[in-house]
Amino acid sequence: MKAAGLPSYTFHSLRHSAATMMLAAHISPKVAADRLGHHSAAFTLDRYSHAVQALDEDAADRLQDVMQRARKRAI
């Protein structure tokens, strides 16, 4: 990496980034856990809860949009 002029990252930081990006991309926590070699999806979700919190906000926003569209159709 140094010879290529790339920043130096540890394997752990790359793994952490990959896990966070998988969850942020709405990849199933089970699939992410399997790829990371975790024993359960619950472990993955616990370990990367910061990414899950952002997904929770996204889910709330999406649900609100759906409900608003349904309400407009009902009027």
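Just so it is clear, the model here is predicted, and its values are computed rather than measured. (Residues numbered from 1 in each chain as written. Predicted model: local features only at pLDDT ≥ 70, side-chain atom pairs only at ≥ 80, totals over all residues. Heavy atoms only, no water.)

**Q** Just to check I follow, could you spell out the packing of helix 1 (residues 11–24) against helix 2 (residues 29–36) for this structure?
**A** Helix-helix packing is characterised by the crossing angle of the two axes and by the distance between the axes. As a packed pair, helix 1 and helix 2 sit with axes 9 Å apart at the nearest point and diverge in direction by 160°. Viewed along their axes, helix 1 and helix 2 adopt a mutual orientation that is roughly antiparallel. In terms of crossing hand, the pair formed by helix 1 and helix 2 is right-handed. For the pair helix 1 and helix 2, the contacting residues are Arg 15, Ala 19, Met 22 and Leu 23 in the first and Pro 29, Ala 32, Arg 35 and Leu 36 in the second. Residue composition of the contact of helix 1 with helix 2, by class: six nonpolar, no polar and two charged. (Axes fitted to C-alpha atoms, helices over the stretch in contact; angles between N-to-C directions. Helix = DSSP H or I, 4+ residues; strand = E, 2+ residues; numbered from the N terminus. Parallel < 35°, antiparallel > 145°, perpendicular 65-115°, else oblique. Left-handed = near helix turned anticlockwise from the far one by under 90°. Contact = heavy atoms within 4.5 Å. Nonpolar A, V, L, I, M, F, W, Y, C, P; charged D, E, K, R; others polar.)

**Q** I tried to follow a nonpolar patch on the surface on my own but got confused; where do I start?
**A** A surface patch of nonpolar side chains, amounting to about 420 Å² of accessible area, comprises Met 1, Leu 6, Tyr 9 and Leu 14. Within the element layout of this structure, Met 1 appears in the segment before helix 1. (Patch = residues over 30% accessible without salt bridge, like charges linked within 9 Å, V, L, I, M, F, W, Y side chains within 5 Å. Areas by Shrake-Rupley, 256 points an atom, 1.4 Å probe, with all protein chains shown as cover. Salt bridge = Lys/Arg side-chain N within 4 Å of Asp/Glu carboxyl O.)

**Q** I would appreciate a short explanation of the environment of Ile 75 in the present structure.
**A** On the secondary structure map, Ile 75 appears in the segment after helix 4 (49–74). The sequence separation of Ile 75 and Phe 11 amounts to 64 residues, and the corresponding C-alpha distance is 55 Å.

**Q** Would you take a moment to explain the side chain of His 38 for this structure?
**A** Topologically, His 38 is positioned in the loop between helix 2 and helix 3 (41–47). In terms of polar contacts, His 38 uses its side chain to reach the side chain of Thr 44, at 2.6 Å. Contact partners of His 38, with chain neighbours within four places excluded, come to Arg 15, Ala 33, Phe 43, Thr 44 and Tyr 48. (Polar contact = N/O pair within 3.5 Å; in protein donor to acceptor, adjacent residues only side chain to side chain.)

Geometric values such as these leave the question of function open.
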